[in-house]
Amino acid sequence: MCDVLPPGLAVSVLKAIFQEVHVQSLTQMDRHTVYSIITNFMRTREEELKGLGADFTFGFIQVMDGEKDPRNLLVAFRIVYDLISKDYSLGPFVEELFEVTSCYFPVDFTPPPNDPHGIQREDLILSLRAVLASTPRFAEFLLPLLIEKVDSEMLSAKLDSLQTLNACCAVYGQKELKDFLPSLWASIRREVFQTSSERVEAEGLAALHSLSTCLSRSVLEADAEDLLDSFLGSILEDCRHHLCEPDMKLVWPSAKLLQAAAGASPRACDRITSTVIPLLLEQFNRHGQSSQRRTILEMLLGFLKLQQKWGNEDKDEIPLSGFKTPLCSLVSLALTDSSTQLQLVGIRALTVLGAQPGLLSTEDLELAADHLYRLSFLKEDSQSCLAAMEASGTLATLYPAVFISHLVPRLAEQLHTGDTELASGEGPSYQARRLRCLQALSAVSTHPSIVRETLPVLLQHLRRVHRGNNESSEVIAVCRSLHLVAGQCQHESESCWYFHQTAVPCLLALAVQASMPEKGLPNLGKLLLEEEVLAAMVSVISTASTHLSPELAAQSVALIVPLFLEGNVSFLSENSFPSKFLPFQSSSSEQKRLVALLMAFVCSLPRNVEIPQLDRLMQELLTLSCHHDELFSCTAAAKCFAGLLNKHPAGQQLDEFLQKAMEKVEAGLRPGPYRTQAFTLLLWVTKALVLRYHPLSSCLTEQLMSLLSDAELGPAAADGFSLLMADCPDVLHRAGHAEIRIMFRQRFFTDSVPALVQGFHAAHQNVKPNYLKGLSHVLNSLPKSVLLPELPTLLSLLLEALSCTDCVVQLSTLSCLQPLLLDAPQVMSLHVDTLVTKFLNLSCSPSMAVRIAALQCIHALTRLPTPVLLPYKMQVIRALAKPLDDKKRLVRREAVTARGAWFLLGSPGS
């Protein structure tokens, strides 16, 4: 290993080894030392060694010849690879070098149990493959060997040979492959046609693809034979007649072979598709059964995708243009067929055709839009409906003008009046069609110009539903469609701003209107104030605000915050209201509920957007969160306050907000009517600070833990640990630009679990379940890599939690224990007696969810060491007879699975 050896000494050492040492008679360790000497000299004395010429290669061949130890072979294979890749002279010893390495192919090695060296069969395979595929000079010796092994009966040899052939094609050219192409094709064809292994078939197709790619890559001389053309001709000759057989037995293998070859290059694709597509079109028209047509169309779809892959660059005409008319006719037949499966393939084919630039005319696209419109409303629960909507979105991105003129008006008309042509008995009900129409409008809104057409339609429908005598489910359906459109607009800044400045003021105006009392019609339009509807509106406003640029967000916040603080409704589209909108000052509970919409907006803005009148806003939110009877409004205010706290930069202002919040919490937690509201504020402020590692978070966590022993708030405090660890959909999430530090859960675990354990041991018996529930919530949120090292100290507590009468505690603990049975069998084995007893008891729990989880854990127990479980085998099998008769099918299914696993426990081969 010395780097300062005198020049020439390395050569002298190697000559001495080659001439005087019979390496293969040495021990394994000494042989490894010889390989290490050669490796080190090749690294530090490359030029000197190359001066030996082919003598160095010959000497190494003698050293390696007969090596059997896998540790030494890995080093030897690396030396051979370096000899070739670093251009050492091989001289006349190319065949000898190949023989001394290829004698190990295919690798037949099984590592001994508990092998301390950790060498796997795959390591040797990859190392040897790198050598064999490193130079075209091995081709004349390697290719016959590969053909021989592919034709053998050994599955592993077939796989290794095909994978090696695949690797060789990356360095070979036409010259090396020319003489072996017929034999290679015959071997691959047989494996795909006759194989019983999907892996062999997949590797055969991959090898064929690589061969075709290699032939496509070679540069042709003027008088040279076009090997690619003749090779593809052989493939077509052997496969095309199978595409025309009436029984269609080998139609799929033939199509796979043709597609593997065609996918190699544009030239290969054109050569094969120009022959195959007319054949498949003819076969489609010849076969009348939907199942046969589906098979043919699926094959055709594969070739269409290949044409789409290579596109039409450097081509004088559009690919497939010569087949456009029959292809369009075929797709129309598929889309109008009664078979759902054929329709689905037809929809996919239409999408691929539409993606070919310039292939379909405006008339073709309008006809396609008609088909998609009809399929979207065909029948109840149709797979074709969802597929048609997805295809509409894809094609609308490419051809917005066609869909604006031909599809959107029809959807808008039906949404308003209903479509008489679809009013027959075969279609869905009018209400269901309206929901489908909402889905279709959102699905097609994938282009900025289309959004400008569909968004007003959706908002107008929301106004009608809001004023009409409708159920809340319809309003929620409109909001879900708006949410989808908002999500699709996020990729384009212009669309994002258009959606925001159009939809958000409209939603706010309707909500404000709903919060106002109307004479004679006190309940009209109150749907928007229901909690589920407000939650749906929150998701729309939040999604519409998260991707605004800071400049545009500043424009918007300057309007929306004064709306809530001062009642400034001037920017709303419908701003004629019977009374003032002052949610923080008015006694109206309806107005205060709309603070949820303020939360959705301000808590989704980028962190660098300045909130106007922030001091006043935070004070109003703090007051509302602790001094209002309606919990929904208080929670919305607390979440909004916490969301703003989380993003606020550190400094004096943040400290003042926190001080005020703590004063409110401490005052509210004293005996009185607003304890629940104060606790809710504490919980959300704690979460906001835990996410950003604020120093005060530990104090708030301690205060939360102290409430676990509170008779009134203890259960809620235990559930609060789940909220601290969970991802929230509406506030304090990454999409809304919240400050969330990495590994905050692990840090919270480290800080809080010791205190939870200590509090559990010191607590009164009545409140111990609260500590167990809080602990199980924390453990359930952790990565297993963090939990496993702590398992020995926590397992006794988890087992005690199973004895708790609270179903939530039981379920949470079971869900925590099940993966541990799989990942920590040695630790869990020490408690197998307790685990079996408690799981069997819980399999008869009144709660169906607990019964299912207990049975899943009983099944997971079978992953523990068999000798530990065998004494309990008959006990468990007898006990599981009762859940087999459970009244719930899901419970019976888990019981069958678990009992079957215990029956097989200890049997040969299990």
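Bear in mind the structure is a predicted one, so any value in this text is a computation, not a measurement.

The secondary structure content of the protein chain amounts to 46 helices and zero strands. With 910 residues in all, the protein chain has 54% of them scored as buried. A fraction of 73% describes how many contacts in the protein chain between residues 6 or more apart in sequence connect residues 24 or more apart. Summed over all atoms, the accessible surface of the protein chain reaches about 39800 Å², with 53% contributed by carbon and sulfur.

In this section: the environment of phenylalanine 903. When you line up the elements, phenylalanine 903 lands in helix H46 (residues 889–903). A relative accessible area of 44% places phenylalanine 903 in the partly exposed class. Separated by 29 residues in the primary sequence, phenylalanine 903 and methionine 874 place their C-alpha atoms 8.6 Å from one another. Once residues within four sequence positions are removed from consideration, phenylalanine 903 is found in contact with Lys873 and Ile877.

Before going further, it helps to spend a moment on the confidence of the model for the protein chain. When pLDDT is averaged across the protein chain, the result is 88; 95% of the residues are at 70 or more. The secondary structure element of the protein chain with the lowest average pLDDT is helix H39 (residues 784–801), at 81, and the one with the highest is helix H30 (residues 595–602), at 95. pLDDT under 50 marks residues 419–427. Its contacts with residues more than four places away, or in other chains, come to 14 contacts.

Those residues of helix H6 (residues 94–102) not exposed but buried are Val94, Leu97, Phe98, Val100, Thr101 and Ser102. Residues of H6 that are buried make contact with helix H4 (54–64), helix H5 (70–85), helix H7 (121–132) and helix H8 (139–150).

What follows is about the side chain of serine 625. Mapped onto the secondary structure, serine 625 falls in helix H31 (residues 614–626). Here serine 625 falls in the buried class, since its relative accessible area comes to 1%. What serine 625 contacts, discounting residues up to four positions off in sequence, is Cys634, Ala637, Ala638, Gln677 and Leu681.

Among the secondary structure elements, alanine 76 is positioned in helix H5. A sequence separation of 764 residues divides alanine 76 from leucine 840, and the C-alpha atoms of the two residues are 57 Å apart. Residues contacting alanine 76, with those up to four places away along its chain left out, are Tyr35, Phe60 and Met64.

The rules behind each value
- Residues numbered from 1 in each chain as written.
- Predicted model: local features only at pLDDT ≥ 70, side-chain atom pairs only at ≥ 80, totals over all residues.
- Heavy atoms only, no water.
- Helix = DSSP H or I, 4+ residues; strand = E, 2+ residues; numbered from the N terminus.
- Buried < 20%, exposed > 50% of the residue type's maximum accessible area, 1.4 Å probe, protein only.
- Contact = heavy atoms within 4.5 Å.
- Areas by Shrake-Rupley, 256 points an atom, 1.4 Å probe, with all protein chains shown as cover.
- pLDDT = per-residue confidence, 0-100.

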